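A structural walkthrough
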Number of protein chains: 2
Amino acid sequence: MLIEMGKRAKEAASLLNTLGSSKKEEGLKAAARALSDHSSQIEKANEKDMEKARQNGMSQGLLDRLALDSKRINAMAEGLLEVAALEDPVGEVLSMKTRPNGLIIGQKRVPLGVAAIIYEARPNVTADAFGLCFKSGNAVILKGGSDALHSNMAIAEAIREGLFSVGLPQDAIQLISDTSRETARELMRLNDYVDVLIPRGGAGLIKTVVENSTVPVIETGTGNCHVFVDASADFDMALNIIENAKTQRIGVCNACESLVIHRDIAEDFLPLLAERLKKHQVEIRGDEEALRLCPGLVPASEADWGQEYLDYIVSLKIAGSIEEAISHINRYNTGHSETIVTSDYANSQKFLNEIDAAAVYVNASTRFTDGNQFGFGAEIGISTQKLHARGPMGLKELTTTKYIIYGNGQIR
Amino acid sequence: MLIEMGKRAKEAASLLNTLGSSKKEEGLKAAARALSDHSSQIEKANEKDMEKARQNGMSQGLLDRLALDSKRINAMAEGLLEVAALEDPVGEVLSMKTRPNGLIIGQKRVPLGVAAIIYEARPNVTADAFGLCFKSGNAVILKGGSDALHSNMAIAEAIREGLFSVGLPQDAIQLISDTSRETARELMRLNDYVDVLIPRGGAGLIKTVVENSTVPVIETGTGNCHVFVDASADFDMALNIIENAKTQRIGVCNACESLVIHRDIAEDFLPLLAERLKKHQVEIRGDEEALRLCPGLVPASEADWGQEYLDYIVSLKIAGSIEEAISHINRYNTGHSETIVTSDYANSQKFLNEIDAAAVYVNASTRFTDGNQFGFGAEIGISTQKLHARGPMGLKELTTTKYIIYGNGQIR
């Protein structure tokens, strides 16, 4: 019964709400210590998951994401210590004003309460998500994938012990051990106990959560990111940015998936681009005009424009103007990250103003959309929706506000 | 087909996104002028709605909410002029920092895009909601109740004419003329075109929207607001606040619906309270202890604690401590507005810190939770959820942010 879990989470949350920063720091340090102390139990639990995964024929890449050794467990503990050192967002008063009737109205940052995270595969998310939620004063209910169940349980158990050892509520972290879909659906409708639900995983998971959840959701992740090479672009800069955004790490949401090239430079630029991407065996799927200008491209279909490949493939469109480029990008993007390479001032401003996305760049790689790169210290995900949080979400995005009002008998 | 409407709204939104404040002001003034100019057409359309409503046996109270005369139409126009004069929230850069690699990362306030509002009864919402959305750079799709359809259509038509007269996109406001439930459901799932959905109306409407919408929703409205009279309360102040919060206007979400009285003063306070509320024929539904202490109360059932009466009824519970009072309130409240009457410093802080609600008061009436009272100039509703906006929502709450990043060739 998730309801019982919800109740316990809510109770833990009201305790966390009143903790000062130093007590929360102590909890995170105790949790980090407990992870290191329980390293061998966690490795044993992980071995169970690995064995099952091998039997099920899991691919080498996924096996690598699942595997834990003492180094990776220590890295999780380190992660908790890093979060412990971040500034506590809770308690900040954003504004406080006296009204004409003498009421003093302040807006204060407070924890959300109970956060739920549904995630796939990587067991380190268990510790990472706990750390960010705990630091921001939230209790967390975690539902990981079945492949990592034993690992996740061992990690959560260690953290609970750590919290207990310093007199903090263990239910600040609870892991759902039932990985069925029915339980996932129940969690998505636990409105009385869960304040926010954050899915972390592939497009399929996110779609299921958005469609089935009545709990408020923050949509994260999918990134069909574009690089637009304007007519005035510095070719070297454009090639470097495209190479980096497309190939530095292909499986991430801020990788480039689609190129838009200004017609005026296409004939000169395309051969250089094809050559540069050949080094990484990137397949370029171009529109008709691009195919005419540059031999060796693969024809793109309509479906390509909206595709997040997460692979050594990129779509390519020729645009006759910046307006056409912006309209193409706004039509097919997922609201994640887009960049223009240009040396034209007006076009840089136009692109920044008119592109509808969480992060809009001039002359830089889309790969920078990331909590660490933005200086937040850590992130719980990258929001591609517009409500509450947009772009990399750090500790602040795990809080809400409440109005606190000081009166002396005012009535209307 | 709502999809066509959604496309037009999105196009209008991208135009609004680039408008400066003065052009938006011009649009609002033109819309206000058009409302006054079309006063007689709007009154005629309203007469149709009124006639149908009378035939359907609508109550006098609801008929009054539906009725429009030239005075009320002018008040709508005035409302648009007031919104025109408010500060434009769009374009504010909340922060801008240079990262170690030279990237300059700013966070800029931008419109949400397309807002949809589903509302009941009162036709003035048509103009009010348009005004706030337009000023904050959003296109709006409105779906009003069938009772006010002709009035709403006439108002929307006048506003569209006003916008057209100054060369602004008419589709900044679109009204859905089909008031069927199917169309409402379609609107709730128009994720590709609608960025936020705000329901305005009774608890039933809000529940339907929360349960059926895949578009992000901001939950507004329901208010089971409490007044807690602490042991150290000034009796006169407590009586004035309760009288005001309960009876000044009974049908609103910030009215008081439940009282919690500290045991130490209950015996002395209850008779005074009963006498004060008798003036307004308020029925007091008390717990067992209250019934023993004060004759003439009605017994409360469990259902009373969670009830938003919107009527001359109030529930009353005796609490042995502030902890018990806080725990009772946090269990049964709807996250709207709660107040403590006290002269004890520590208890005032404890209440402010531990009550989980959008607005928490010390020594003031809950009736102040309102955009105008808070100094926002106007409001689109009062959010009782924690994501994105909490409490009265003004123009700022109809915006989001995007990261704008200035580089000079940075790659990772």
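So, here's what we can say about the structure. This one's a predicted model, so the numbers in the text were calculated from it and none came from an experiment. Just so you know, the residues in each chain are numbered from 1, in the order the chain's sequence is written. Chains and ligands are labelled sequentially in the order written, the chains with letters from A and the ligands with numbers from 1. Local features in a predicted model are, by the rule used here, given only for residues with pLDDT of at least 70; side-chain atom pairs are given and counted only at 80 or more, and totals for whole chains, interfaces and linings are based on all residues. To obtain the side-chain values, all non-hydrogen atoms of the structure were included, while hydrogens and water were left out.

The next point concerns the interface of chain A and chain B. Interfaces are frequently sized by the accessible area removed from exposure as the parts join. Here, two residues are considered to be in contact whenever any of their heavy atoms come within 4.5 Å of each other. At the interface, 68 residues of chain A touch 68 residues of chain B. Across the chain A/chain B interface, buried area totals approximately 5,600 Å², and carbon plus sulfur atoms make up 53% of it. Among the residues chain A hides against chain B, the three largest losses belong to L387, Y403 and R412 of chain A. Together they make up 16% of the total. Within this document, salt bridges are pairs made up of a side-chain nitrogen of Lys or Arg and a carboxyl oxygen of Asp or Glu, the two lying within 4 Å of each other. Along the contact surface separating chain A from chain B lie two salt bridges. For D195 of chain A, the salt bridge goes to K386 of chain B, with nearest N and O atoms at 3.3 Å. For the purposes of these results, a polar contact is taken to be a pair of N or O atoms within 3.5 Å, where, inside protein, one atom must be able to donate a hydrogen and its partner to accept one; residues adjacent in sequence count only when each atom of the pair is a side-chain atom. The tally of links from chain A across to chain B stands at 43 residue pairs in polar contact (both at pLDDT 80 or more). For helices the rule is a DSSP run of H or I covering at least 4 residues; for strands it is a run of E covering at least 2, with both sets numbered from the N terminus onward. Secondary-structure elements contributing two or more residues to the side of chain A that touches chain B are β2 (104–111), α9 (203–212), α10 (235–247), α15 (345–354), β13 (359–364), β15 (391–393) and β16 (399–410) of chain A. For the side of chain A that touches chain B, the per-class residue count stands at 30 nonpolar, 26 polar and twelve charged. Put simply, buried area is how much 1.4 Å-probe accessible surface two parts lose in total, over both of them, once they are put together. Residues are grouped as follows: nonpolar covers Ala, Val, Leu, Ile, Met, Phe, Trp, Tyr, Cys and Pro; charged covers Asp, Glu, Lys and Arg; every other residue, Gly included, is treated as polar.

Attention now moves to the pairing of strand β4 (residues 139–143) of chain A. Residue and element names in this part refer to chain A. A 1.4 Å probe rolled over the protein chains alone gives each residue an accessible area, and that area as a share of the maximum for its type sets the label: buried under 20%, exposed over 50%, partly exposed in between. With five of five residues buried, β4 is to be regarded as a mostly interior element. Every second residue of β4 is oriented toward a common face, with A139, I141 and K143 on one face and V140 and L142 on the other, all of them buried. As judged from the five bridges shared by strand β3 (residues 114–119) and β4, these two strands associate in the parallel manner. Residue A116 lies in a different strand from β4, and its bridge partner there is I141. Bridge analysis of β4 against strand β5 (residues 173–175) gives three bridges, and the strand direction is parallel. What sits directly across from L142, in β5, is L175. Think of it like this: strands point away, you trace from the first strand over the helix to the second, and a clockwise trace means the crossover is right-handed. Viewed along the sheet, the connection from β4 through helix α7 (residues 149–165) into β5 turns out right-handed. When DSSP finds at least two bridges between two strands, those strands are taken to pair.

Attention shifts here to the pattern of salt bridges. Within the structure shown, the criterion is met by 43 salt bridges over all chains. Residue E289 of chain B is joined to R263 of chain B by a salt bridge in which the shortest nitrogen-to-oxygen separation is 2.8 Å. Taken together, the residues E289 of chain B in helix α12 (residues 288–293) and R263 of chain B in helix α11 (residues 263–278) connect sequence positions 26 residues apart. The exposure class assigned to R263 of chain B is partly exposed, which follows from its relative accessible area of 40%. Here K350 of chain B ties to E323 of chain B by a salt bridge, and the two come within 3.6 Å at their closest N and O atoms. Of this pair, K350 of chain B sits in helix α15 (residues 345–354) while E323 of chain B is found in helix α14 (residues 322–332), placing the two residues 27 residues apart along the sequence. A relative accessible area of 44% places E323 of chain B in the partly exposed class. Through salt bridges that share partners, D195 of chain A together with D356, K386 and R390 of chain B make up one connected network.

Taking the relative accessible area as the measure of exposure, E289 of chain A reaches 18% and is therefore buried. When near neighbours in sequence (up to four residues on either side) are disregarded, E289 of chain A contacts R263 and I318 of chain A.

This part takes up unusual backbone geometry. Despite not being glycine, N363 of chain A shows a phi value in the positive range, around 55°. When you line up the elements, N363 of chain A lands in strand β13. Since its relative accessible area comes to 9%, N363 of chain A is described here as buried. Positive phi, normally seen in glycine, also occurs at L310 of chain B, with a value near 55°. On the secondary structure map, L310 of chain B appears in the loop between α13 (302–305) and β11 (313–319).

The next thing to look at is the relation of the copies chain A and chain B. Between the two copies of this chain, the relationship is a rotation about some axis together with a displacement along it. For the pair chain A and chain B, the superposition axis carries a translation of 0.0 Å, the fit reaches an RMSD of 0.0 Å, and the rotation angle comes to 180°. Classification of the inter-copy transformation places it as that of a two-fold axis. Minimal C-alpha distance to the rotation axis in chain A is attained by H388 of chain A, lying at 1.8 Å. Comparing interface residues between copies, 100% of those in chain A also lie at the interface in chain B; the contact surface is shared. Alignment of the copies relies on least squares applied to C-alpha atoms, considering only residues that score at least 70 for pLDDT in both.

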